[in-house]
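# Chain and residue survey
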Amino acid sequence: MSYYGESIAHSSLLGVGLGILLGTGINFGVIFVCLLFGILFLWLQQNKILSTDTLLGVLAHLALSIGIIVISLNRIKIDIEAFLFGDVLTVSSGDLWVMYLGVAIAILLIFLNWSSLLLVTIDDDLARAEGINPIYINLLLTLVLTIVVAVSLQIIGLLLITAMLIIPAATSRRLANSPGQMALIATLVGIISVFSGIFLSVELDAPSGPSIVVISAILFFLSLSFKFLINKD
Amino acid sequence: MKITNALISAKNVSVLKHQKSILDNIDIQINKNDFITIIGPNGAGKTMLLKCLMGFYKPTSGRIERKEKLKIGYMPQSISIINTMPITVKDFITVRKEYDDISLNKVITEVSIGEIINKQLSVLSGGEMQRVLLARSLLNNPDLLILDEPAQNLDISGQLNFYKLIQEIYSKRDISILMVSHDLHLVMVSTKKVLCLYKHICCSGAPQQIAKDPEFLSMFGKDMANMMSIYQHSHDHNHDHNHLAGEE
């Protein structure tokens, strides 16, 4: 289901377009569309009309395309590149406060539902047998992913958000011994990547998103050799 | 409505999916201290039946009643995550479970996983993984233990050891057992009732001991002969496939 995160990221561009078009601001547009996307997808999935991946593929790219069209219809020419690859310079101090709030809510949601999320990740059937409602978990994940996308859109860009969902986790997988450790280390890797990536993008005058992803990938390869060195003992 | 002492009772349960019949008119009742083994080939609907009984699939028709506050311990065939996430045996057994140290130690001793309790799930052998799954299902002292083809991935000696473990648990604990087995003819000797399932209940009855059967003894040895019973099918009907031959 990492494809799910990617799909929500794609749909965010529609949120950007609508937010600009309707004047509500990008953040609200993104949150609204991503949540709508998630709910629509879950509803369609329940009715088993198509396979999950096909459904995601259709909906995500449809939303992305409509979003691009809506943005290009706008009178003032808008730089889509900033939304695709991230541009730290577009982040205002108001945006920062929205990000802090978003992060706090996301962390709280995960913390409060940690053991259920963990069990569902371990095994779907086992979780269901023990009374966890899969619809509740899917909605929870949708909410958290929406927040993550809304918060990262301007810094990492929607094209590479999935990279930051996957790479820090893959990096910490090699270094952690428990799920909790894995989450903490992944967060640390993410923080280091974003900080260093932004500095790198300033140095190279390159977009922030790719710079962050490159740093995180370097950390990933370092973690591979770290494990190798440890095993040599 | 009759007040029943059954832990779970299912009446006229049918499941239709995309107009195909998965389960047809199933009646089953699990009482206290029962030991029921469900046998049937692949596609028989065994897993679907378990899902209905446990309440996470609603049947198309029919009625399933569970005793109030029934504690079910579920042991799946296998679990999907092995390498994606680091997790120790202890963490896996206890996640989202209410337990105290005493019951945890009891389960660890019962199932003999003391030596692997701090190992990562990803390095466990097939037999070790089965015992870990069993430990998790026993942690909160269930009234009913549901085992889904627990010995499928084990070799003969692994099966024997596992069945010995189940037998001990059944005799020492105040527990009912519902086991789904992939073997069409052999069931554990503790089994009180066998249900042969192929979308509907084809036949049911008590198994026969084979401890003295010389052919079985020579093939499998005394230990296995003491552990298993043979079930004689008594079908009064034919299917379009010969499922007794183990096909499908």
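Bear in mind the structure is a predicted one, so any value in this text is a computation, not a measurement. (Residues numbered from 1 in each chain as written. Chains lettered and ligands numbered in written order. Predicted model: local features only at pLDDT ≥ 70, side-chain atom pairs only at ≥ 80, totals over all residues.)

## So, the overall build of chain B
Within chain B one finds 6 helices and 12 strands. Radius of gyration (C-alpha) of chain B: 18 Å, near the 18 Å computed for a compact globule of 248 residues. Viewed in the frame of its principal axes, chain B has a C-alpha envelope of about 50 × 50 × 35 Å. Of all 248 residues assigned to chain B, the portion counted as buried reaches 36%. Long-range contacts, defined here as pairs at least 24 residues apart, represent 72% of the contacts in chain B between residues at least 6 apart. (Helix = DSSP H or I, 4+ residues; strand = E, 2+ residues; numbered from the N terminus. Rg over C-alpha atoms; globule rule 2.2 N^0.38 Å. Buried ≥ 20, exposed ≤ 12 C-beta atoms within 10 Å, placed from the backbone. Contact = placed C-beta atoms within 7 Å.)

## Regarding unusual backbone geometry
Residues and elements named next belong to chain B. Backbone geometry at Lys-69 places phi at a positive 55°, although glycine is not the residue there. Following the sequence through the fold, Lys-69 ends up in the loop between β4 (61-66) and β5 (72-75). Backbone geometry places Asn-141, a non-glycine residue, at a positive phi of 50°. When the 14 C-beta atoms within 10 Å are taken as the criterion, Asn-141 is described as partly exposed.

## Comments concerning the nonpolar core
Within the largest apolar cluster, 126 residues are counted, with the highest numbers of intra-cluster contacts made by Val-30, Cys-34 and Val-149 of chain A together with Ala-135 and Ile-146 of chain B. The greatest single-element share of this core, amounting to 10 residues, is contributed by helix α8 (residues 134-156) of chain A. Those residues in contact with Val-149 of chain A, other than ones at most four positions away along the chain, are Ile-8, Ala-9, Ser-12, Val-30, Cys-34 and Ile-161 of chain A. (Core = buried A, V, L, I, M, F, W, Y, C linked by C-beta atoms within 7 Å.)

## With respect to the packing of helix α2 (residues 26-46) of chain A against α8 of chain A
Any two packed helices are characterised by the angle at which their axes cross and by the distance between the axes. All names here are of chain A. Here α2 crosses α8 at 150°, and the two axes come no closer than 9 Å. When the axes of α2 and α8 are compared, the pair comes out roughly antiparallel. α2 and α8 meet at a crossing whose hand is right-handed. Here Asn-27, Val-30, Ile-31, Cys-34, Leu-35, Gly-38 and Leu-42 of α2 lie close against α8, whose contacting residues are Asn-138, Leu-139, Thr-142, Thr-146, Val-149, Ala-150 and Leu-153. Residues that form the contact of α2 with α8 fall into these classes: 9 nonpolar, 5 polar and no charged. (Axes fitted to C-alpha atoms, helices over the stretch in contact; angles between N-to-C directions. Parallel < 35°, antiparallel > 145°, perpendicular 65-115°, else oblique. Left-handed = near helix turned anticlockwise from the far one by under 90°. Nonpolar A, V, L, I, M, F, W, Y, C, P; charged D, E, K, R; others polar.)

## What to know about the sheet that holds strand β10 (residues 200-205) of chain B
Residue and element names in this part refer to chain B. Here 6 strands make up an open sheet; going across it, the order is β5-β6-β7-β3-β9-β10 and the pairing mixed. One side of each edge strand has no neighbouring strand; the edge strands of this open sheet are β5 and β10. Taken pair by pair, the neighbouring strands of this sheet meet at an average axis angle of 15°, ignoring direction. With 5 bridges joining them, strand β9 (residues 193-198) and β10 adopt antiparallel strand pairing. Bridge assignment links Leu-197 to a residue of β10, and that residue is Ile-201. Helix α1 (residues 46-54) rests against β3 (35-39), β5, β6 (144-148), β7 (176-181) and β9 of the sheet, and its axis sits at about 155° to β6. (Pairing = 2+ DSSP bridges.)

## A look at the sheet that holds strand β8 (residues 186-188) of chain B
Residues and elements named next belong to chain B. Spatially, β8-β12-β11 is the arrangement adopted by the 3 strands of the open sheet, whose pairing is antiparallel. In this open sheet, the two edge strands, each paired with only one partner strand, are β8 and β11 (208-209). The sheet contact formed by β11 and strand β12 (residues 228-230) spans 2 bridges and is antiparallel. Pairing of Gln-208 across the sheet is with Ile-230, part of β12.

## Quick look at the interface of chain B and chain A
Counting residues at the interface gives 15 residues for chain B, matched by 19 residues for chain A. Class assignment for the residues of the side of chain B that touches chain A results in 11 nonpolar, 2 polar and 2 charged.

## So, helix α3 (residues 101-111) of chain B
All names here are of chain B. When α3 is considered as a whole, its buried residues turn out to be Val-107, Ile-108 and Val-111. The buried residues of α3 occupy an angular sector of 100° when projected down its axis, which confines them to one face. Turned more than 90 degrees off the buried face of α3, the exposed positions are Asp-101, Ile-102, Asn-105 and Thr-109. Residues of α3 that are buried sit in contact with α4 (126-138) and α5 (156-172). The positive-phi residue at the C-terminal boundary of α3 is Ser-112, with phi of around 60°. (Arc of directions from axis to C-beta.)

## A short note on the environment of Ile-49 of chain A
Relative to the helices and strands, Ile-49 of chain A is located in the loop between α2 and α3 (52-73). A sequence separation of 41 residues divides Ile-49 of chain A from Ile-8 of chain A, and the C-alpha atoms of the two residues are 19 Å apart.

## A word on the confidence of the model for chain B
Residue and element names in this part refer to chain B. Averaged over every residue, the pLDDT of chain B is 86; residues scoring 70 or more account for 92%. In the model, residues 241-248 has pLDDT below 50 throughout and makes 13 contacts with residues more than four positions away in sequence or in other chains. For this predicted complex, the interface confidence comes out at an ipTM of 0.82, alongside a pTM of 0.85. (pLDDT = per-residue confidence, 0-100.)

## So, helix α6 (residues 114-122) of chain A
Within the sequence span of α6 of chain A, burial applies to Leu-117, Leu-119, Val-120 and Ile-122 of chain A. Against α5 (93-112), α7 (124-129) and α8 of chain A together with α2 (89-94) of chain B lie the buried residues of α6 of chain A.

## Thoughts on the domain arrangement of chain A
Residues and elements named next belong to chain A. What the domain assignment lists for chain A is domain 1 (1-157) and domain 2 (160-233). A C-alpha centroid distance of 22 Å is found between domain 1 and domain 2. The interface of domain 1 with domain 2 comprises 14 residues on the first partner and 15 residues on the second. When contributions to the side of domain 1 that touches domain 2 are tallied by element, the ones reaching two or more residues are α1 (2-22) and α8. Grouping the constituent residues of the side of domain 1 that touches domain 2 by class yields 7 nonpolar, 5 polar and 2 charged. (Domains from an automatic or database assignment.)

## Side note on the confidence of the model for chain A
Predicted confidence across chain A gives a mean pLDDT of 89, with 96% of residues reaching 70 or more. Helix α11 (residues 208-232) of chain A is the least confidently modelled element of chain A, averaging 85 in pLDDT, while helix α10 (residues 179-204) of chain A averages 95, the highest of any element.

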